[in-house]
Amino acid sequence: FPVTIVLLDLKGKGYYPSFVAMTGFGHEKIAVSFMKAGALDYVIKGKGFNEYLPLAIQSAIEHIELNNKLREASESLKKSYLQQKKLNNKIRAKNLELAAEKGKVEKLLKNMLPEKIALELLNKGVAKARYFPCVTVLFADVQNFSPAASRISPMELV
């Protein structure tokens, strides 16, 4: 049937026209070919035609509206998915940065402090005070220390 060939050709090119097929009585095979080609419904001219045609058209309109809503929802979901994917990539990158910084902090603590104290700070966030009879250790943040220390020798500094 020439019309179904055109419809199948349109489908092959990515076009899906919405239509209701109408055939004469005794041409049910044509109606079936229209349905295979993408018709939303078919109506056979004959008894009950005037009552059924408006129902078939209304049903086709509702089908088209539902497909439009589904397409919009699908596009919105795809957009949300892509945004979420971008956010996840940013979070992954920040986590890698944080892990690298954490590694630097841990290394610095382990270089500056005794291992037991460094591990306590890393694991608990605080270290308890300890007493040693022959040692005094003071950690202080002295204002403008770095510029002043850079101008004198280490022996003078100590």
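A brief structural summary. (Residues numbered from 1 in each chain as written. Predicted model: local features only at pLDDT ≥ 70, side-chain atom pairs only at ≥ 80, totals over all residues. Heavy atoms only, no water.)

### A closer look at the overall build of the protein chain
Filter applied, for reference: Starting at the N terminus, helices and strands are each numbered in turn, a helix being any DSSP run of H or I of at least four residues and a strand any DSSP run of E of at least two. Accessible area is worked out with a 1.4 Å probe on protein chains only. A residue is then buried under 20% of its type maximum, exposed over 50%, and partly exposed in between.
The number of helices and strands found in the protein chain is 6 helices and 2 strands. For the protein chain, the N- to C-terminal ordering of α and β elements is α-β-α-β-α-α-α-α. Along the longest, intermediate and shortest principal axes, the C-alpha atoms of the protein chain span 115 × 35 × 25 Å. The burial tally for the protein chain puts 14% of its 158 residues in the buried class.

### Some points on a nonpolar patch on the surface
Threshold: Patch membership requires more than 30% relative accessible area and the absence of a salt bridge. Residues of like charge join within 9 Å; the nonpolar side chains Val, Leu, Ile, Met, Phe, Trp and Tyr join within 5 Å. Areas reported here follow the Shrake-Rupley algorithm with a probe of radius 1.4 Å; residue values treat only the protein chains shown as occluding. Salt bridges are defined as contacts in which a side-chain nitrogen from Lys or Arg sits within 4 Å of a carboxyl oxygen from Asp or Glu.
The grouping of Leu108, Met112, Phe132, Val135, Val137 and Phe139 at the surface amounts to a nonpolar patch, some 650 Å² of accessible area in total. As for its placement among the helices and strands, Val135 is situated in the loop between helix H4 (115-124) and helix H5 (145-151).

### Quick notes on the pattern of salt bridges
According to the stated counting rule, one finds 3 salt bridges in the structure shown. Here Glu97 and Lys94 are joined by a salt bridge, their closest N and O atoms 3.8 Å apart. With a gap of 3 residues between them, Glu97 and Lys94 both fall in helix H3 (residues 49-112), about one helical turn apart. With relative accessibility at 45%, the residue Glu97 sits in the partly exposed group.

### Regarding the environment of Ile44
Structurally, Ile44 can be placed in strand E2 (residues 41-45). Between the C-alpha atom of Ile44 and that of Gly26, which follows or precedes it by 18 residues, the distance is 8.4 Å.

### Digging into H3
Basically, it comes down to this: The length a helix should cover is 1.5 Å for every residue beyond the first. For this analysis, residues touch if any pair of their heavy atoms sits within 4.5 Å.
Between the first and last C-alpha of H3 there are 93 Å, a value that for 64 residues agrees with the 94 Å anticipated at 1.5 Å per step. Within the span of H3, buried status applies to Phe49, Leu53, Ala56, Ala60 and Leu109. Tucked into the core, H3 has its buried residues touching strand E1 (20-24), E2 and H4.

### What about H4?
Along an α-helix, a turn takes 3.6 residues, which lines up residues three or four apart on a common side. Stated precisely, the cut-off is as follows: In this context, the arc is that of the directions from the helix axis out to the C-beta atoms.
Those residues of H4 lying buried are Ile117, Ala118 and Glu120. Buried residues along H4 cover an arc of 160 degrees about the axis, so they all sit on one side. Across H4 from its buried face, at more than 90 degrees, point the exposed residues Glu115, Lys116 and Asn123. Turning to H4, the residues buried within the fold contact H3. Residue Gly125 follows H4 closely and has a positive phi angle near 90 degrees.

### Considerations on unusual backbone geometry
Look at Asn144: it is not a glycine, yet its phi comes out positive at around 60 degrees. Looking at where Asn144 falls in the secondary structure, it is placed in the loop between H4 and H5.

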